[in-house]
Every structure is written in structure tokens, then in C-alpha cells.
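# Inside the fold
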Amino acid sequence: MPSGAQAEPRRLIGFRKITLDPRASARLNFSVSARDFSVWNADAWKLTPGSCTIHAGRSSRNLAVQRIVTIS
């Protein structure tokens, strides 16, 4: 979350569990909405401009992929 959002620095916004054979790979696609980056503020959801890092991996301890998105 952008630092100005005054929210938890990391949160789970989606997951998918799959089973693969050894040495197999798969491509997964996720859709992320503006609401996923919003924070409840008083009486409404608020989207705060800034940069967010999206992580993906086998578990929260093994996040092999990351991308930075900019909210404007």
C-alpha cells in the first residue's frame, strides 16, 4: 500500500492453489481491481495514489515474483 494510505503494509488480495507434477509449470492470471488497493476511511473506500508492490510465490515465505504498480 502507498505510505499515505495509513493501512497495513502487506495484505492478501487473492490466492489460488494448484497441484503440479514435479518439474511442471503453469501460468496463472489474476485480476486485481481498484477496490483491492483501497482502504476503508471513515465512511468510504479510498484509493490513495502512490506505488504498491505486488508479490507472488509459493507461500508468504517464498515470494519469487514481484511487480511495482503505480496508482494515480
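Basis of the calculations
- Residues numbered from 1 in each chain as written.
- Predicted model: local features only at pLDDT ≥ 70, side-chain atom pairs only at ≥ 80, totals over all residues.
- Heavy atoms only, no water.
- Helix = DSSP H or I, 4+ residues; strand = E, 2+ residues; numbered from the N terminus.
- Buried < 20%, exposed > 50% of the residue type's maximum accessible area, 1.4 Å probe, protein only.
- Contact = heavy atoms within 4.5 Å.
- Areas by Shrake-Rupley, 256 points an atom, 1.4 Å probe, with all protein chains shown as cover.
- pLDDT = per-residue confidence, 0-100.

## Quick look at the overall build of the protein
When its secondary structure is counted, the protein shows zero helices and four strands. Tracing the protein from N to C terminus, the helices and strands come up as β-β-β-β. Residues counted as buried form 11% of the 72 residues belonging to the protein. Considering only residue pairs separated by 6 or more positions, the protein has 32% of its internal contacts joining residues 24 or more positions apart. Accessible surface, the protein as shown: approximately 6400 Å² in total, 49% of it carbon and sulfur.

## Considering the confidence of the model for the protein
With 88% of its residues at a pLDDT of 70 or more, the protein has an overall mean of 85. Model confidence for the protein, summarised as mean pLDDT per element, is weakest for strand 1 (residues 39-41) at 83 and strongest for strand 4 (residues 65-71) at 91.

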